[in-house]
Structures are given as structure tokens and as C-alpha cells.
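These are the residues of each chain, in order.
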Amino acid sequence: NSRAGVRYAIGLGVEIVELDVRMSGDGEYVVMHDSGLERTTDCKGEVAARTLADLRRCHLKVEGSGEVTEEVVPTLAEMLEVTRGQVLVNIDNKLGADHIAGMVAVARGLGMEGELILKENIFSATRLTAVKAAVADAGPGFRFMPIIADDAVEDPRFVETVTRAFSADMVE
């Protein structure tokens, strides 16, 4: 979830990178795995409680060593610019189905919706209906990959139902 990490992965020749997307307190999509800042940055608190300007003062840490870098919390748009034309972007939506359209809109604004795979957990028929509506609201041009919550789904037929509902050629 850093520019340096994505550039390194691209240099290795990967085909897809995953970005975890959250929202700042002032409504900006940012790339951050955890809801809290302590583990991955030199800041404390919750991502959702900080404005983008605040997050711009949070420097990313190298996982493992804890070394603080010069890189700050990036926006989704900034990270998409790094990946443009080089790799597919698998977005792990940490916000819920009601944010699918917003994330796709960011990519669409950059002309990159075709480089996007967006995924969302589906664990029940009710959730399937809600996610299907959210994906439809986002419009065409991007790939959707359902995540089957293996801790909540025990019926293999449900996987087939979800796959058919989205004409999905990939499922996590």
C-alpha cells in the first residue's frame, strides 16, 4: 500500500497488485490496510478520524523493520496513477458495498476503470442482493470479483449462485 511497494511489484513483473481502500474523515479515498495508523505509519488514531491534510503528515513505515519512510498516506487516485497501463489493480474495499460506485468513479475519472478489479464480501442471499445493486449502480467497464466469506458460507451451491449473479470469471 505504498508507491514504492507498487513500483517494486511492477518491476518484478506482477500482473495484479492489491490496494486496500479506506476513507479519510473528510471523504477522500485513501490507501491503507488497517483502520488504525499505528502499525503502518508514524501517526496514531483512526484513518476515518483524520482529514486528508492530517494523513499527509503521516509517514509510512516499512513492514517488519518499522523504518519510517518519506512516503505519506496516498490517495486512491495517486496510487492508480502509479499503476496506469502497467498492472491491474485489485481493490480490497474496506468500506462496504455502498462505496463501490465511488471507487469506480475515481478510476473512471482517470480513464482507468478497465484496469480495475473491485471485490466485496458476500456471505448471504441478502448481502448478494445488496452488492449486486451496488455493482449495477457503479456502471459498466470494471471487473467485479466477489469474495465468498469462507467463515460464513458452508454451501458450495452458494458459490455457484454468486458466480452466476455477476457472471464472474474470478472469485476469491
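Please refer to the structure higher up on the page.
My aim in this report is to walk through the structure given alongside it, one point at a time.

Quick notes on the rules
- Residues numbered from 1 in each chain as written.
- Predicted model: local features only at pLDDT ≥ 70, side-chain atom pairs only at ≥ 80, totals over all residues.
- Heavy atoms only, no water.
- Salt bridge = Lys/Arg side-chain N within 4 Å of Asp/Glu carboxyl O.
- Helix = DSSP H or I, 4+ residues; strand = E, 2+ residues; numbered from the N terminus.
- Buried < 20%, exposed > 50% of the residue type's maximum accessible area, 1.4 Å probe, protein only.
- Expected span 1.5 Å × (residues − 1).
- Contact = heavy atoms within 4.5 Å.
- Axes fitted to C-alpha atoms, helices over the stretch in contact; angles between N-to-C directions.
- Parallel < 35°, antiparallel > 145°, perpendicular 65-115°, else oblique.
- Left-handed = near helix turned anticlockwise from the far one by under 90°.
- Nonpolar A, V, L, I, M, F, W, Y, C, P; charged D, E, K, R; others polar.
- Polar contact = N/O pair within 3.5 Å; in protein donor to acceptor, adjacent residues only side chain to side chain.
- Disulfide = S-S within 2.5 Å.
- Arc of directions from axis to C-beta.
- Phe/Tyr/Trp six-rings, centres within 6.5 Å; stacked < 30°, edge-to-face > 60°.

Some remarks on the pattern of salt bridges
Using the criterion set out here, one finds 13 salt bridges in the structure. One salt bridge in this structure joins Arg-3 and Glu-78, with 2.8 Å as the shortest N-O distance. Here Arg-3 is found in helix α1 (residues 3-12), whereas its partner Glu-78 is found in helix α3 (residues 76-83), with 75 residues between them in sequence. A relative accessible area of 25% means that Glu-78 is categorised as partly exposed. Among the charged side chains, a network of salt bridges with common partners joins Arg-3, Arg-56, Glu-71 and Glu-78.

With respect to helix α5 (residues 125-138)
In an α-helix there are 3.6 residues to a turn, and that puts residues three or four apart on one side. Taking 1.5 Å as the rise per residue, α5 with 14 residues should run 20 Å; its terminal C-alpha atoms sit 20 Å apart, in good agreement. On its buried side, α5 packs onto α4 (100-109), β6 (116-122), β7 (143-148) and α6 (156-166). Looking at the residues trailing α5, positive phi occurs at Gly-139, about 85°.

Observations concerning the packing of α1 against α3
Orientation of α1 relative to α3, taken along the N-to-C sense of each, is 20°, at an axis distance of 10 Å. Between α1 and α3, the crossing angle belongs to the class labelled roughly parallel. By crossing handedness, the relation of α1 to α3 is classed as right-handed. Every residue of α3 that contacts α1 at Arg-3, Val-6, Arg-7 and Ile-10 is listed here: Glu-78, Met-79, Val-82 and Thr-83. Of the residues that constitute the contact of α1 with α3, the class distribution is four nonpolar, one polar and three charged.

Notes on the side chain of Ser-24
Tracing the chain through its elements places Ser-24 in the loop between β1 (16-23) and β2 (29-31). Of note is the side chain of Ser-24, whose polar atom sits 2.5 Å from the side chain of Asp-26.

Quick word on the state of the cysteines
Summed over all chains, the structure comprises one disulfide. Sulfur-sulfur distance for the disulfide between Cys-43 and Cys-58 comes to 2.3 Å. Between Cys-43 and Cys-58, the S-S torsion sits near -105°, and that sign places the bridge as left-handed. Taken together, the residues span a long stretch of sequence, with Cys-43 in the loop between β2 and α2 (52-55) and Cys-58 in the loop between α2 and β3 (59-61) at a distance of 15 residues. Assigned by exposure class, Cys-43 and Cys-58 land together as buried.

Side note on the environment of Glu-28
Locating Glu-28 in the fold gives a position in the loop between β1 and β2. Its relative accessible area of 36% is what places Glu-28 among the partly exposed residues. Residues Glu-28 and Ala-48, spaced 20 residues apart in sequence, show a C-alpha to C-alpha distance of 9.6 Å. With residues near it in sequence (within four places) discarded, Glu-28 still touches Arg-22, Met-23 and Leu-52.

A closer look at α1
Those residues of α1 not exposed but buried are Arg-3, Val-6, Ala-9 and Ile-10. What you see down the axis of α1 is that its buried residues fit within an arc of 130°, all on one side. Facing away from the buried side of α1 by over 90 degrees, the exposed positions are Tyr-8, Gly-11 and Leu-12. Its buried side turned inward, α1 meets β1, β4 (68-72) and α3.

Considerations on the packing of aromatic side chains
Remark: the centre distance and the inter-plane angle together describe each pair of aromatic rings, the angle taken between the planes. On inspection of all chains with the given rule, the structure shows one aromatic pair. Arranged with centres 4.6 Å apart and planes meeting at 45°, the rings of Phe-144 and Phe-166 form a pair that is tilted. Of this pair, Phe-144 sits in strand β7 while Phe-166 sits in helix α6; the two residues are 22 residues apart in sequence, bridging distant segments of the chain. Grouping residues by exposure puts Phe-144 and Phe-166 together as buried.

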